[in-house]
Each structure stands twice: as structure tokens, then as C-alpha cells.
Amino acid sequence: MRRITYRKALNEALAEELIRDENVVIIGEEVAEYNGAYKVTEGLWARFGDKRVVDAPISEAGFIGLAVGASMLGIRPVVELMFWSFAYVAYDQIVNNAGCIRYMSGGLINIPIVIRGPANGGTNVGATHSHTPENILANNPGVKVVCPSTAYDAKGLMKAAIRDNDPVFVMENTLLYGEEWEVPEEEYIVPIGQADIKRSGSDVSLIAHGRAAITALKAAEFLQSEHGINAEVVDLRSIRPLDEKSILHSARKTHRVVLVEENKPFCGVGAQIAATIQEKAFDDLDAPVLRVSALDAPAIYSPPVEKLQLPDVRRVVAKALSIL
């Protein structure tokens, strides 16, 4: 094991898959000569050349459409978005085409495309650059959505995504790129659709994804040290497919659930999970399922106010205490 950053883990996954499969290509704005807007693709253009790492013009509709067409012919494109907010201008290509072609062709045409990039607020770049659209994308049958919270998960999920024959959308978090975690030297894969118990507990389940899983872990540590409460932290890792088995097992184990996400509350991922728990594990609950999400407004530009908009340890702890 060695400690590497979230950014380095993604870079290693991309390099290993470029070596493993000659059909893997990287496409995006500034991914080649500039080494990527967030330096995730650093060194890959120099190592693999123009045909494998391709700089695209500033037109998400154009280069995502190109990648979808290429994937229909056997190429495995990995498309970088500078922000997932920019996916909306290519919604037709992402959802209507990539998401539907395999179904509409009766399974004859696969769309092995990965779209990756930052999906988060908290970086003070305004409302049009701060979306977390995992719920919107996961609403569409035919696609997969993953949200890694650690370097280990980022590398393993990226490798799984590139090898998958369906469109996989990887939601990264800018604030995690420089954080370090333990990652094995040897090759490994994190299966899509499998949650991870980041902390075992017995009193309350904190269920989260992405950077919110890190917030949940910190809240669990505070609950233990200050209140003697043993919280379990379930990191979803995958939004679609969703690991209902792990979610329900944790709910039945602790009998209390707090859902944590950096998305907005209305029609959010937490809403889907809350509905699942009340439908399939209602009799196991000793309290209502509660949610902690971003405040329901466009991302706030002001740095100190935006911090208040996103879930923090204080809000998660308060919700947990309210049902204990």
C-alpha cells in the first residue's frame, strides 16, 4: 500500500487502461498538451500521443456526440468535462443517444463511454459551475452513475467504468483531488453497484456518497467521542445501480437512518433511498428517516455563505441526535 492523491489515483487508472486496451481514448478540453484543467490527465498525452489523448474544441455537444458515435464502433472513449454543469448543453447526446441506443438496438449496439469530471459545489465558482447532477442522470435507464469518495474508490471505479459496456458517468469532487488515501500497488477493480461500509456501527446509519461520505465519517467520529454514539457510515459509491441490499441491511441493523448528500433535496438521491427504506424496511425503523442536503437554492458564490449551503458535520450531528 502507498498513500496517493485522489487525482493521482484517477491518473493511474486512466494510464493502466490506455495500456491494457488500445481502443481506450481520452477526449476533452485541454486534456492533452495542457495536462487537463485539474491535472488528472497529466503526462498522458506525452506518453500515449495524439491519437489516444485528444484535445477537443469548447463544444460539449460536439465532442460528446463524437465520443458516442465512436463508442458505437468499438472505441472506448473517456470524456472529461471541466464541470458536470456543462453536461446540460449535451443532454441530448448523453441521455437520448448514449442512454438509449443499446435498448433501442435490441442489445446489438453497446455504448462503452465514460464521462468524468467534477460535480460539486464548495469551490466558489457560481451557480452555473457547481451542479451535482447524479440524481438527474441516474433517473435515466440505460446509464450508470458512480461517486467515489476516496482515492481507492476513485481508481477502482474508474477502471470498472472504462471496462463497462454501458455509459458510466463518474462524478468526482474538486475538493478531494489533493486528498490522500491508501491505495494498493497491485491492480484491483471496485465493482459498480456495490456500497462500502466505511465505518461499522450500531446506533444510527449515516448513508452518503461522494464528499458527503467524508463529512458523514467526521460526524460519526464526533458522535462517538462527544456523545458515545456508535454511528455506521455507508458509502453508496454507486448511485445507479444502487446497492439496496447494503442500505436495507444497515437500516435494519441500527433502526435509525440519516441520509447525507451535497445535492439539492428536491427529487434528490436521498429521496429515492428514503422511499426504498420506508417501502422495504419500515417495520425495522425506530424513527423517521431524516435527510441532510445542500440548501435548496442555486450554488451561492460567496465563499463563507456557500460553506453554509453544503452539509457539514454540525448539521449531520444535529439530525442524528434528533432521532436518538
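Residues numbered from 1 in each chain as written. Predicted model: local features only at pLDDT ≥ 70, side-chain atom pairs only at ≥ 80, totals over all residues. Heavy atoms only, no water.

(A) Here's a closer look at helix H4 (residues 91-98). Turning to H4, its buried residues number three or more, namely Gln93, Ile94, Val95 and Ala98. Among the structural elements, helix H3 (60-72), helix H5 (101-104), strand E5 (114-118), helix H6 (134-138) and strand E7 (168-172) are those in contact with the buried residues of H4. (Buried < 20%, exposed > 50% of the residue type's maximum accessible area, 1.4 Å probe, protein only. Helix = DSSP H or I, 4+ residues; strand = E, 2+ residues; numbered from the N terminus. Contact = heavy atoms within 4.5 Å.)

(B) Structural context of the sheet that holds strand E14 (residues 290-292). The sheet built from five strands is open, its strands ordered E9-E11-E10-E13-E14 with mixed pairing. Each edge of the sheet is formed by a strand with only one pairing partner; in this case those strands are strand E9 (196-199) and E14. Shown here is a sheet whose adjacent strand axes are inclined to one another by a mean of 25°, direction ignored. Across three bridges, the pairing between strand E13 (residues 257-260) and E14 is parallel. (Pairing = 2+ DSSP bridges. Axes fitted to C-alpha atoms, helices over the stretch in contact; angles between N-to-C directions.)

(C) Main features of the side chain of Gln309. Structurally, Gln309 is set in helix H11 (residues 303-309). A relative accessible area of 2% places Gln309 in the buried class. Leaving out residues up to four positions away in the same chain, Gln309 has contacts with Lys264, Ser293, Ala294, Leu295, Ala297, Pro298, Ala299, Ile300 and Arg315.

(D) Spotlight on empty space enclosed by the protein. Here the structure, examined in full by the defined rule, presents four cavities of 30 Å³ or more. Estimates place the volume of the largest cavity at around 100 Å³. What lines the largest cavity is simply Ala119, Thr132, Glu134, Cys147, Met171, Glu172, Asn173, His209, Gly210, Arg211 and Glu262. For the lining of the largest cavity, a count of residues per class yields three nonpolar, four polar and four charged. Estimated volume of the second largest cavity: approximately 60 Å³. Along its surface, the second largest cavity is lined by Gly121, Ser130, Thr132, Glu262, Lys264, Ala294, Ala299, Glu306, Gln309 and Leu310. Of the residues assigned to the lining of the second largest cavity, the class counts are three nonpolar, four polar and three charged. (1 Å grid on protein atoms, 1.4 Å probe; cavity = no way out; pocket = protein on both sides within 12 Å on 5 of 7 lines; lining within 4 Å. Points joined across faces, edges and corners; volume = space filled by probe spheres on them. Nonpolar A, V, L, I, M, F, W, Y, C, P; charged D, E, K, R; others polar.)

(E) Spotlight on the packing of aromatic side chains. Per the counting criterion, the structure on display carries seven aromatic pairs. Ring centres of Tyr6 and Trp181 lie 6.4 Å apart, and the angle between their planes is 55°; on these two criteria the pair is classed as tilted. Residue Tyr6 is found in helix H1 (residues 6-20), and its partner Trp181 is found in strand E8 (residues 180-183); the two are separated by 175 residues along the sequence. Of the two residues examined, Tyr6 and Trp181, each falls in the buried class. Following the ring pairs from residue to residue traces out a cluster consisting of Tyr6, Tyr38, Phe83, Phe86, Tyr177 and Trp181. Geometry around Tyr34 places Lys39 over its ring, the cationic atom sitting 4.0 Å from the centre. (Phe/Tyr/Trp six-rings, centres within 6.5 Å; stacked < 30°, edge-to-face > 60°. Lys NZ or Arg CZ within 6 Å of the ring centre and 35° of its normal.)

(F) Quick look at the packing of H3 against H4. At a minimum axis distance of 8 Å, the contact between H3 and H4 shows a crossing angle of 25°. The angle between H3 and H4 falls in the class roughly parallel. On the side of H3, the interface is formed by Ala61, Ile64, Gly65 and Val68, while H4 contributes Gln93, Ile94, Asn97 and Ala98. (Parallel < 35°, antiparallel > 145°, perpendicular 65-115°, else oblique.)

(G) Representation of unusual backbone geometry in the model. Here the residue pair Arg240 and Pro241 is connected by a cis peptide bond, since its omega of 0° sits within 30 degrees of zero. If you trace the backbone, Pro241 turns up in the loop between strand E12 (238-240) and helix H9 (244-254). Within the chain, Asn124 stands out as a residue other than glycine whose phi angle is a positive 60°. Considering the arrangement of structural elements, one finds Asn124 in the loop between E5 and H6. For His255, which is not glycine, the phi torsion reads 70° and is therefore positive. With respect to the helices and strands, His255 occurs in the loop between H9 and E13.

(H) Highlighting the pattern of salt bridges. Tallied over the entire structure, the rule returns 26 salt bridges. Among the ionic pairs, Glu12 bridges to Arg2, the shortest N-O distance being 2.6 Å. Separated by ten residues along the polypeptide, Glu12 in helix H1 and Arg2 in strand E1 (residues 2-5) bring together distant segments of the chain. Overall, Glu12 belongs to the buried group, its relative accessible area being 13%. On the basis of relative accessibility, which here comes to 18%, the residue Arg2 falls in the buried class. Across the salt bridge formed by Asp284 and Arg252, the nearest N and O atoms sit 3.5 Å from each other. Linking Asp284 in the loop between helix H10 (269-280) and E14 with Arg252 in helix H9, this pair joins segments that are 32 residues apart in sequence. Since its relative accessible area comes to 37%, Arg252 is described here as partly exposed. Taken together, the salt bridges that share partners define one network made up of Arg2, Glu12, Glu16, Glu17, Arg20, Lys155, Lys159, Arg163 and Glu187. (Salt bridge = Lys/Arg side-chain N within 4 Å of Asp/Glu carboxyl O.)

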